[in-house]
Amino acid sequence: MQYVRLGKAGVKVSRICLGCMSFGNQKAWMVEIEKARPIISRALELGINFFDTANGYSNGRSEEITGELLKGLRDDVVIATKVYFPTGEKPNQHGLSRVHILQQVEESLSRLQTDRIDLYQIHRWDYETPIEETLRTLDDLVHQGKVRYIGASSMWAWQFAKALSTSDRLGLERFVSMQNHYNLCYREEEREMNPLCREEGVALLPWSPLAKGFLSGKYKRGRTSDAVRFRSDELLSERFFKPEDFNVLERAEEVAKEKGVSLAQLAISWLLHKGVTAPIVGVTKVEHVDEAVGAVDLKLSEADMARLEEPYMPHRVLGHA
Ligand SMILES: NC(=O)c1ccc[n+]([C@@H]2O[C@H](COP(=O)([O-])OP(=O)(O)OC[C@H]3O[C@@H](n4cnc5c(N)ncnc54)[C@H](OP(=O)(O)O)[C@@H]3O)[C@@H](O)[C@H]2O)c1
């Protein structure tokens, strides 16, 4: 495994982050703790030390599973979680107000069975709370030792630039990472967000690096699928499966075949060659972990990269809302 700094932060993370949204019970494609246990064991065996979850995944069940399976290893792992999405229907049960963040951080710490969160991320931009309030609250949590670093997730680049400059202006903790939607089939972040993060030394942690499994090899043009994720994750067919996505998929299949690697490995390797810190790979089977880790040492030439990128067509923005 390779380890790199999380942007400008000193902490070192594995080049593969394990996405723990797959652990839970909200949708049929997710796996409960018995199936998650060997997945996490294999990830640790192969040197993965970076795990991403959120307070909202399966209403907290993802954090509970992650916490239970990582307890006892606390100093060896980097645990990332998030806050923003509704946790109830009352007026203060969503967003990034001081009230909601302070409630939620305690719940996340308890479910994760830990006394600190290594990377606490805002899951989206909150249009109803001034960014100053959110940043002051996150800064307090860092000073209290409940959070070590702060990060952000999908938003417009102007919003992230405003957040970074607000931290600088007020002398508050700065976001060290951006978790955004980025994969071979969705590259709109190359326009504004990725260059901003490179310029600011912010770690890029792409989510859905395999386009929710579209880039796994199991889906074919013109054919429907009975895969459980296809049936139970409506965003998969809504976001991908357009003719232009199949153009990218089929080109990648050609290149993967020539190189003797799987499509998933090639798609992960492409992201690593684009300078991201660690793709957050969602896995539902132990063998997915092996494949993801195998992608770290795969080398792609400039010609390979150009061939993979050539069929891409611009997409509508997906994932900010
Ligand atoms: N910040 C955000 O807003 C946000 C949004 C979404 C996700 N995330 C994070 O990103 C992580 C990953 O997201 P994701 O699950 O949507 O995306 P993903 O990593 O693109 O897709 C995961 C799916 O790909 C398939 N897969 C994985 N490895 C494979 C392999 N080697 N061979 C074949 N198929 C393979 C599996 O499909 P099957 O289960 O069908 O086998 C798996 O469910 C989440 O766990 C979460 O931590 C964050």
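Residues numbered from 1 in each chain as written. Predicted model: local features only at pLDDT ≥ 70, side-chain atom pairs only at ≥ 80, totals over all residues. Heavy atoms only, no water.

**Student:** Please clarify how the layout of surface pockets should be interpreted in this entry.
**Tutor:** A water-sized probe, rolled over the atoms, reveals where empty space remains. Approximately 170 Å³ is the volume attributed to the second largest pocket. If you trace the second largest pocket, you find it lined by Met155, Trp156, Ala157, Trp158, Tyr186, Glu188, Glu189, Arg191, Glu192, Met193, Val317 and His320. Here the residues of the lining of the second largest pocket sort into seven nonpolar, one polar and four charged. (1 Å grid on protein atoms, 1.4 Å probe; cavity = no way out; pocket = protein on both sides within 12 Å on 5 of 7 lines; lining within 4 Å. Points joined across faces, edges and corners; volume = space filled by probe spheres on them. Nonpolar A, V, L, I, M, F, W, Y, C, P; charged D, E, K, R; others polar.)

**Student:** Just to check I follow, could you spell out the packing of aromatic side chains for this structure?
**Tutor:** For any pair of aromatic rings, the description rests on two quantities: the centre-to-centre distance and the angle between the ring planes. Under the counting rule described, the total for this entry stands at 11 aromatic pairs. Both rings, one in Phe214 and one in Phe246, keep their centres 5.1 Å apart while their planes meet at 75 degrees; by these two values the pair is edge-to-face. Taken together, the residues Phe214 in the loop between β9 (203-204) and α7 (228-232) and Phe246 in helix α9 (residues 243-259) connect sequence positions 32 residues apart. Ring centres 5.1 Å apart and planes at 70 degrees place the aromatic pair Tyr219 and Phe241 in the edge-to-face group. With Tyr219 in the loop between β9 and α7 and Phe241 in the loop between α8 (234-239) and α9, this pair connects stretches of sequence that are 22 residues apart. (Phe/Tyr/Trp six-rings, centres within 6.5 Å; stacked < 30°, edge-to-face > 60°. Helix = DSSP H or I, 4+ residues; strand = E, 2+ residues; numbered from the N terminus.)

**Student:** Would you explain the pairing of strand β8 (residues 175-179) in this entry?
**Tutor:** The side chains of a regular strand alternate between the sheet's two faces. Counting buried positions over the five residues of β8 gives five, a clear majority of the element. Pairing geometry for strand β7 (residues 147-153) and β8, over four bridges, is parallel. Looking across to β8, one finds that Gly151 is bridged to Ser177. Assessed by its sense of winding, the connection that carries the chain from β7 through helix α5 (residues 157-170) to β8 is right-handed. Bridge count between β8 and β9: two bridges; the pairing is parallel. Bridged to Ser177 within β9 is Ala203. (Buried < 20%, exposed > 50% of the residue type's maximum accessible area, 1.4 Å probe, protein only. Pairing = 2+ DSSP bridges. Right-handed = clockwise from strand over helix to strand, strands pointing away.)

**Student:** Looking at this structure, I do not really get helix α1 (residues 33-45). What am I missing?
**Tutor:** Given 3.6 residues per turn, any residue in an α-helix points the same way as the ones three and four places further on. Between its first and last C-alpha atoms α1 spans 18 Å; for 13 residues at 1.5 Å apiece the expected length is 18 Å, and the two agree. Those residues of α1 not exposed but buried are Ile33, Ala36, Ile39, Ile40 and Ala43. In a view along the axis of α1, the buried residues occupy a sector of 120 degrees, so they form one face of it. Facing away from the buried side of α1, by more than 90 degrees, are the exposed residues Glu34, Lys35 and Glu45. Here the buried face of α1 lies against β3 (17-19), β4 (50-52), α2 (61-70) and α11 (286-294). Note on α1: the residue one or two positions beyond its end, Gly47, has a positive phi of about 95 degrees. (Expected span 1.5 Å × (residues − 1). Arc of directions from axis to C-beta. Contact = heavy atoms within 4.5 Å.)

**Student:** So what exactly am I meant to see when it comes to the site of the ligand here?
**Tutor:** In the vicinity of the ligand lie 28 residues, with Asp52, Ser208, Leu210, Gly282 and Thr284 positioned nearest. Within the side chain of Asp52, an N or O atom sits 2.7 Å from an oxygen atom of the ligand. At a separation of 3.3 Å, an oxygen atom of the ligand approaches a polar side-chain atom of Lys285. With the chains in place, 95% of the 910 Å² that the ligand exposes on its own is no longer accessible. Looking at the shell around the ligand, the elements that each hand over two or more residues are β10 (280-282) and α11. Broken down by element, the residue count for the shell around the ligand peaks at three residues, all from β10. Per-class residue counts for the shell around the ligand are 10 nonpolar, 10 polar and eight charged. (Near = heavy atom within 4 Å. Polar contact = N/O pair within 3.5 Å; in protein donor to acceptor, adjacent residues only side chain to side chain. Areas by Shrake-Rupley, 256 points an atom, 1.4 Å probe, with all protein chains shown as cover.)

**Student:** I tried to follow the pattern of salt bridges on my own but got confused; where do I start?
**Tutor:** A side chain with one charge can pair with a side chain of the opposite charge if their charged atoms come near. For the coordinates displayed, the defined rule picks out 30 salt bridges. Between Glu106 and Lys146 there is a salt bridge, with the nearest N and O atoms lying 2.6 Å from each other. One end of the pair, Glu106, is in helix α3 (residues 98-111); the other, Lys146, is in the loop between α4 (131-143) and β7, with 40 residues separating them in the sequence. Connected through shared salt-bridge partners, Arg187, Glu190, Lys274 and Glu309 make up one network. (Salt bridge = Lys/Arg side-chain N within 4 Å of Asp/Glu carboxyl O.)

**Student:** It is not clear to me how unusual backbone geometry should be interpreted in this structure. Could you clarify?
**Tutor:** Phi is mostly negative for residues that are not glycine, and the peptide bonds are mostly trans. Despite not being glycine, Gln113 has its phi angle at roughly 55 degrees, a positive value. Topologically, Gln113 is positioned in the loop between α3 and β6 (117-122). The class for Gln113 is partly exposed, based on a relative accessible area of 39%. Although it is not a glycine, Phe241 adopts a positive phi angle of roughly 70 degrees.

**Student:** Would you explain α2 in this entry?
**Tutor:** For α2, the tally of buried residues reaches seven of 10 residues, placing the bulk of the element in the interior. For α2, the full list of buried residues reads Ser62, Glu63, Ile65, Thr66, Gly67, Leu69 and Leu70. On its buried face, α2 sits against α1, β4, β5 (78-83) and α3. Of the residues trailing α2, Gly72 is marked for its positive phi of about 95 degrees.

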